[in-house]
Amino acid sequence: MNTNNLSESMLHLEALKKESQQAQKKGLPFIMSSVVIWVVILMVQLMDGSVVTKNLYTFMSCCLLLPLAFLFSKIIKADTFRKTKNPMDQLGFLCTMNQMLYLLIVMWAYSKAPEAMVMLYAMVFGGHLFPFGWVYDSKAYTIVAVMETVGALIMAVAWGSIAAVLFMIIMEILLCIFLFIEVGKDRK
């Protein structure tokens, strides 16, 4: 491939990324949803009951993701669920789906190490955000992904699951703020 073709390909790739980023508002509806879900997880962790029961409800809280993301996409006018042939949209979906593979570790912890399940869930969630730094040209995703993964481990080991969940809520709120800023800059 000669230099001109490579340059044209890179420009085309950047145009596809920008189009996807603008339409989906850098995945902001999903991050907004995650704030709500982590608050629900906090409420679950504060309930009375066994760790196993709390962990079950924690897993069940994930069911809120798509309905909430749909709602938030309507509120902020993001075209998150559009049908498209843009490969960047498909890549974003694949980056989300990789979390499903790692949830097998969390499911194992549910039965074998229930005290560690929330910590592992937070680490998987944080880690799955990392590729979105490239997909959305977002330093916020990259930084928050690393901070959440390492921070959830530290918080849970030092102070327990509730501290890890509180940490995740704070980090997701910060990510929302940073993404709102990035989306605003992209509109200019």
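Please read these numbers as outputs of a predicted model, since none were measured by experiment.

Draft legend 1. Focus on the side chain of Asn55. The residue Asn55 is located in helix α3 (residues 51–61) in this model. Residue Asn55 is classed as buried on the basis of its relative accessible area, which comes to 1%. If near-sequence neighbours (up to four positions away) are discounted, Asn55 is found in contact with Gln45, Tyr110, Pro114, Met117 and Val118.

Draft legend 2. Fine view of helix α1 (residues 3–24). Helix length check: α1, at 22 residues, gives a terminal C-alpha distance of 31 Å against a target of 32 Å (1.5 Å per residue), a fit within 8%. The first or second residue beyond α1 is Lys25, which carries a positive phi of 50°.

Draft legend 3. Representation of helix α4 (residues 65–75). Restricting attention to buried positions, one finds in α4 the residues Leu68, Ala69, Phe72 and Ser73. All buried residues of α4 lie within an arc of 135° about the axis, which places them on one face of the element. Residues Leu66, Pro67 and Lys74 are exposed on α4 and point more than 90 degrees away from its buried face. One or two positions beyond α4, positive phi appears at Lys77, with a value near 60°.

Draft legend 4. Local environment of the layout of surface pockets. What the largest pocket holds in volume is close to 870 Å³. If you go around the largest pocket, you meet 36 residues; those closest to its centre are Phe30, Leu65, Leu66, Phe93 and Thr96. When residues of the lining of the largest pocket are traced back to their parent elements, those giving at least two are α1, α2 (28–46), α4, α5 (87–112), α6 (117–128) and α7 (132–135). Considering every element that reaches the lining of the largest pocket, the biggest residue donor is α5, with 11 residues.

Draft legend 5. Representation of the pattern of salt bridges in the model. Tallied over the entire structure, the rule returns four salt bridges. Here Glu182 makes a salt bridge to Lys26, at a shortest N to O gap of 3.2 Å. Separated by 156 residues along the polypeptide, Glu182 in helix α9 (residues 161–187) and Lys26 in the loop between α1 and α2 bring together distant segments of the chain. Each member of the pair, Glu182 as well as Lys26, is classed as buried. A salt bridge links Lys26 to Asp186; its shortest N-O distance comes to 3.3 Å.

What counts and what doesn't
- Residues numbered from 1 in each chain as written.
- Predicted model: local features only at pLDDT ≥ 70, side-chain atom pairs only at ≥ 80, totals over all residues.
- Heavy atoms only, no water.
- Helix = DSSP H or I, 4+ residues; strand = E, 2+ residues; numbered from the N terminus.
- Buried < 20%, exposed > 50% of the residue type's maximum accessible area, 1.4 Å probe, protein only.
- Contact = heavy atoms within 4.5 Å.
- Expected span 1.5 Å × (residues − 1).
- Arc of directions from axis to C-beta.
- 1 Å grid on protein atoms, 1.4 Å probe; cavity = no way out; pocket = protein on both sides within 12 Å on 5 of 7 lines; lining within 4 Å.
- Points joined across faces, edges and corners; volume = space filled by probe spheres on them.
- Salt bridge = Lys/Arg side-chain N within 4 Å of Asp/Glu carboxyl O.

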